[in-house]
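Below, each chain spelled out in residue letters.
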Amino acid sequence: MSRVRARGVEIGGVRFSELRRATILQKRAFKPRLAYGYATLLLLWGLPHVRFLVARDGDRIVGCAIGDRNGGQARVVNICVDPDYQRQGIGARLLRALDTAIPEGDMVLMVEADNQTAKSLYRREGFKEVGVSRNYYGRNLDGIWMQKVRDGSSAAKIRI
Ligand SMILES: CC(C)(COP(=O)(O)OP(=O)(O)OC[C@H]1O[C@@H](n2cnc3c(N)ncnc32)[C@H](O)[C@@H]1OP(=O)(O)O)[C@@H](O)C(=O)NCCC(=O)NCCS
């Protein structure tokens, strides 16, 4: 895949008319078993406690970050960037935008133990590894819980 230099990429809340393109993005960015389908994205779009952000390059949806509030914490449910647009800081921008959109409590997420790119992004953005869920993603595929303690939060145990 060719790399596209992102110049005017903007981040904002997803629109209903963009959900199909967000579904295509999911398929391009994730392994098949981890990509969210249209029905899941539609459901998330409609839930009031969910924040669903996208990165746009013109009409193209090149990134997405979905988070929610859960038991007083902010949770990153899904984040991805189109392979053509990766390694240009869009993932970090999406994560920061989600951080702003859901300001209450600590921020938590789950990442595949072998996803070094994502873990390195999260560490840079202030997340620390706080736990392991064995076989979370399948046999011998552990999930790592990561947490970012934010001002005003109590660094409480993760509650997922
Ligand atoms: C994880 C993911 C969202 C990161 O998105 P991204 O836009 O590439 O993230 P960033 O550009 O902010 O940071 C990624 C890397 O690019 C580097 N980078 C950022 N800007 C850069 C630039 N201008 N030039 C070169 N490298 C740059 C960062 O330093 C970082 O490098 P590192 O991995 O060596 O630490 C993306 O790889 C992805 O969609 N992966 C597939 C889906 C996935 O695994 N999602 C996470 C599930 S938990």
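One structure accompanies this document, and this report is about it.

Each value, and the rule that gives it
Residues numbered from 1 in each chain as written. Predicted model: local features only at pLDDT ≥ 70, side-chain atom pairs only at ≥ 80, totals over all residues. Heavy atoms only, no water. Patch = residues over 30% accessible without salt bridge, like charges linked within 9 Å, V, L, I, M, F, W, Y side chains within 5 Å. Areas by Shrake-Rupley, 256 points an atom, 1.4 Å probe, with all protein chains shown as cover. Salt bridge = Lys/Arg side-chain N within 4 Å of Asp/Glu carboxyl O. Helix = DSSP H or I, 4+ residues; strand = E, 2+ residues; numbered from the N terminus. Buried < 20%, exposed > 50% of the residue type's maximum accessible area, 1.4 Å probe, protein only. Contact = heavy atoms within 4.5 Å.

## Here's the deal with a nonpolar patch on the surface
Turning to step 1, where the next piece is worked out: Together, Phe16, Leu42 and Trp45 give the surface a local cluster of nonpolar side chains, amounting to about 280 Å² of exposed area.
Turning to step 2, where the next piece is worked out: Assignment of secondary structure puts Phe16 in the loop between strand E1 (10–13) and helix H1 (19–29).
Turning to step 3, where the next piece is worked out: Judged by its relative accessible area of 46%, Phe16 falls in the partly exposed class.

## Concerning unusual backbone geometry
Turning to step 1, where the next piece is worked out: Backbone geometry places Arg87, a non-glycine residue, at a positive phi of 65°.
Turning to step 2, where the next piece is worked out: Take Arg87: it is sitting in the loop between strand E4 (73–81) and helix H3 (90–101).
Turning to step 3, where the next piece is worked out: The exposed category is assigned to Arg87, whose relative accessible area is 74%.
Turning to step 4, where the next piece is worked out: The phi angle at Asn140 is positive, at roughly 60°, despite the residue not being glycine.
Turning to step 5, where the next piece is worked out: Structurally, Asn140 is set in the loop between strand E6 (128–133) and strand E7 (143–148).

## Notes on the environment of Tyr136
Turning to step 1, where the next piece is worked out: Relative to the assigned elements, Tyr136 resides in the loop between E6 and E7.
Turning to step 2, where the next piece is worked out: Expressed as a C-alpha distance, the spacing of Tyr136 and Arg21, which sit 115 residues apart in the sequence, is 28 Å.
Turning to step 3, where the next piece is worked out: In this structure, Tyr136 is in contact with Met110, Leu141, Asp142 and Gly143, ignoring residues within four places of it in sequence.

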